[in-house]
Amino acid sequence: MKNSYPIILTPDKVGYIVYVPDFNINTEGETLTEAIEMARDAIGVVGIDMEDDGEALPNPTAISEVKGNSVTDIVTLVDVDFGEYRKKNDMKTVKKNCTIPSWLNFEAEKAGINFSAILTAALKSELKV
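Residues numbered from 1 in each chain as written. Predicted model: local features only at pLDDT ≥ 70, side-chain atom pairs only at ≥ 80, totals over all residues. Heavy atoms only, no water.

Asks: Before we move on, can you summarise the overall build of the protein with the specific residues and values?
Replies: Of regular secondary structure, the protein possesses four helices and four strands. Going from the N terminus to the C terminus, the protein shows its helices and strands as β-β-β-α-β-α-α-α. Principal-axis analysis of the C-alpha atoms places the extent of the protein at approximately 70 × 30 × 20 Å. Counting across all 129 residues of the protein, residues that qualify as buried make up 22%. Long-range contacts, defined as pairs at least 24 residues apart, comprise 57% of the intrachain contacts of the protein with a sequence gap of at least 6. (Helix = DSSP H or I, 4+ residues; strand = E, 2+ residues; numbered from the N terminus. Buried < 20%, exposed > 50% of the residue type's maximum accessible area, 1.4 Å probe, protein only. Contact = heavy atoms within 4.5 Å.)

Put into structure tokens, the structure is as follows:
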């Protein structure tokens, strides 16, 4: 799911402090570009953690409702595609137990087949990812 969330960038002595109101998180970056990238990354990390915990992602607040605390603050939007973020960054592995016929297991082990690699490839093919 892709969404755009408002962020508030506050200039600091070196770079920018970033606040993401919908997730109540902060991050920072040395340049404006880095600060926006860090905001996207922070939203992605927190968002997939929420999904893993069965929590709903917050709906984005309208940018017109978000105000900075200073005239130097920058209010803008950051887009995050949670599905793409997970594919690129969530590389932890999980153990799955599956059942196959004994004769197939024998032949696969004899051939030195990597069961995890085959299952991963088959799932990617089936899901077209």
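Asks: Summarise the side chain of Thr 27; cite the residues concerned and give the values.
Replies: Examined against the element boundaries, Thr 27 turns out to sit in strand β3 (residues 25–29). Those residues within four positions of Thr 27 in sequence are excluded, and the remaining contacts are Tyr 16, Ile 17, Val 18, Met 38, Ala 39 and Ala 42.

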